[in-house]
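# Chains, contacts and geometry: an overview
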Amino acid sequence: MSAVSDRLPAFPWDKLTPFKATAAAHPDGIVDLSVGTPVDPVPELIRKALVDAADSPGYPTVWGTTELRDAITGWVERRLGARDVTHRHVLPIVGSKELVAWLPTQLGLGPGDRVAYPRLAYPTYEVGARLARAEYEVYDDPTELDPEGLKLLWLNSPSNPTGKVLSKADLTRIVAWAREHGVLLFSDECYLELGWEADPVSVLHPDVNGGSYDGIVSVHSLSKRSNLAGYRAAFLAGDPAVLSPLLEIRKHGGMMTSAPTQAAVVAALSDDEHVRVQRERYASRRDLLREALLSHGFRIEHSEASLYLWATRGESCWDTVAHLAQRGILVAPGDFYGTAGAEFVRVALTATDERIAAAVRRL
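Here is a short report on the structure shown in this document. Computed from a prediction, not measured in an experiment: that's the story for all the values here. Sequence order as written defines the numbering, with residues in each chain counted from 1. Whole-chain, interface and lining totals are the exception, using all residues; otherwise, since this is a predicted model, local features are given only for residues with pLDDT of at least 70 and side-chain atom pairs are given and counted only at 80 or more. For the side-chain quantities, the full set of heavy atoms in the structure was used; hydrogens and water were omitted.

### What to know about the pairing of strand S5 (residues 150-156)
- Under the scheme applied here, a residue whose accessible area is under 20% of the maximum for its type counts as buried, over 50% as exposed, and between as partly exposed, the area being computed with a 1.4 Å probe on protein chains only. Put simply, DSSP marks the helices as runs of H or I at least four residues long and the strands as runs of E at least two long, and each gets a number from the N terminus on. The buried fraction of S5 amounts to six of the seven residues, a majority that puts the element mostly inside the structure.
- When DSSP finds two or more bridges between two strands, those strands count as paired. Note that strand S3 (residues 114-118) and S5 share three bridges and pair parallel. Note that in S5 the partner of Arg114 across the bridge is Leu150.
- Both S5 and strand S6 (residues 184-188) contribute to a ladder of five bridges, which runs parallel. Within the sheet, the bridge partner assigned to Trp154 lies in S6 and is Phe186.

The structure is reproduced here in structure tokens:
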């Protein structure tokens, strides 16, 4: 067991503990803008669906109910513009993080295989490669990578942490390059419904993939758009030739979304109104925080989508973390996401209106 844990980096969030203590000592309490966990209520129609399905004594299936697969295929076509999506093109997963962490292992990657992900990125992409003993590297433009031995290419648009959005032209170019070189492309699109100054596009859109899902899979989560982080609800959509063996592996591994959660996901994907309401909440918080940070001397880069502001004062990210902690505000240091983030902090929009207002006053 220690041999596996030894492959992993130190858990980065532990480094924030003393700064969290400082922020918590503020007379008006902490404003935690670090992790990005939803704080708003789960919409009533989703909770009702969960409760109505609570009497679920039997095992759920890994591939999900017919209603769930119908809901996923319908949403992918309605919201992403995908075409001709069948049940073979979709697969529910137990939250997106487990998929990211275990995908290289489930793909059978190992020593000598390479996994690539953006230079500034969610740390779990690296963790997944490490767990599989695969090699890993970062990129600015994936088409400049050496394709030899590159078995898995991660895209992330909108980006966590920067909020950067890849254009339709860039996505089209990258998909074509990956196919030309036989590189499997997974696109993490968990923030796609949270575009502010850009309209994010999926790799499933026919303008990007030419009407074919060969060699591409997109990853989607209900954690942020529907406040379901506690439900562990997510899904994959794309190439059936990739999803079919993943399904077999996950059946053997018992990686099942609970039956009540499956019912909740059906309700969530079938309703757009609660997403609109939640977007408005985040848009208001974003406007307030953005203006307060700019007035406080920060510069904000990218941040045209997602649930974060990527901000800098031109100093070490840890100096900025300390500066804000003295004001009772906790943020994430940019170097959690790569050395290129050494002078940035990630400021989450996921706090109540009252806590956001408190942060604005302090700034």
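### Side note on the sheet that holds strand S10 (residues 308-312)
- If you trace the four strands from one edge of the open sheet to the other, you get S9-S10-S13-S12, paired in antiparallel fashion. Each edge of the open sheet carries a strand with a single partner, namely strand S9 (299-301) and strand S12 (332-333).
- Bridge analysis of S10 against strand S13 (residues 344-348) gives five bridges, and the strand direction is antiparallel. Bridging across to S13, Thr312 finds its partner in Phe344.
- Sheet strands in contact with helix H11 (residues 273-295) are S9, S10 and S13, and its direction is about 5° off that of S10.
- We call two residues in contact when some of their heavy atoms are within 4.5 Å. To obtain each axis, a line is fitted to C-alpha atoms, and for helices this fit is confined to the stretch in contact; angles are then taken between N-to-C directions over 0 to 180 degrees. Sheet strands touched by helix H12 (residues 317-325): S12 and S13. Its angle to S13, the strand with the most contacts, is close to 45°.

### Comments concerning the sheet that holds strand S8 (residues 234-238)
- Reading across the sheet, the seven strands line up as S2-S8-S7-S6-S5-S3-S4 and stay open at both edges, with mixed pairing between neighbours. A strand with exactly one partner marks an edge of an open sheet, and here the two such strands are strand S2 (90-93) and strand S4 (135-139). When the angles between neighbouring strand axes are averaged without regard to direction, this sheet yields 20°.

### Quick notes on the layout of surface pockets
- Definitions used throughout: a 1 Å grid over protein atoms alone; a cavity as a set of points that fits a 1.4 Å probe which cannot get out; a pocket as an open set with protein on both sides within 12 Å along at least five of seven lines; a lining residue as one with an atom within 4 Å of a point. Grid points are joined across faces, edges and corners, and a volume is the space filled by probe spheres set on the points. Counted as a void, the largest pocket has a volume near 1100 Å³.
- In terms of lining residues, the largest pocket is bounded by 44 residues, among which Trp13, Lys97, Tyr122, Pro123 and Thr124 are the most central.
- Among the secondary structure elements, those contributing two or more residues to the lining of the largest pocket are helix H5 (96-106), S3 and helix H6 (124-131).
- Broken down by element, the lining of the largest pocket gets its largest block of residues, four residues, from H6.
- Residue polarity follows a fixed list, in which Ala, Val, Leu, Ile, Met, Phe, Trp, Tyr, Cys and Pro are nonpolar, Asp, Glu, Lys and Arg are charged, and the others, Gly among them, are polar. For the lining of the largest pocket, a count of residues per class yields 25 nonpolar, 10 polar and nine charged.
- Considering only enclosed or pocket space, the second largest pocket measures out at about 370 Å³ in volume.
- Around the second largest pocket, the lining comprises 20 residues; the ones closest to its centre are Pro118, Arg119, Tyr139, Asp140 and Lys164.
- Every element with two or more residues in the lining of the second largest pocket is listed here: S5 and helix H7 (168-180).
- Tallying contributions element by element places H7 first for the lining of the second largest pocket, with three residues.
- Of the residues assigned to the lining of the second largest pocket, the class counts are nine nonpolar, four polar and seven charged.

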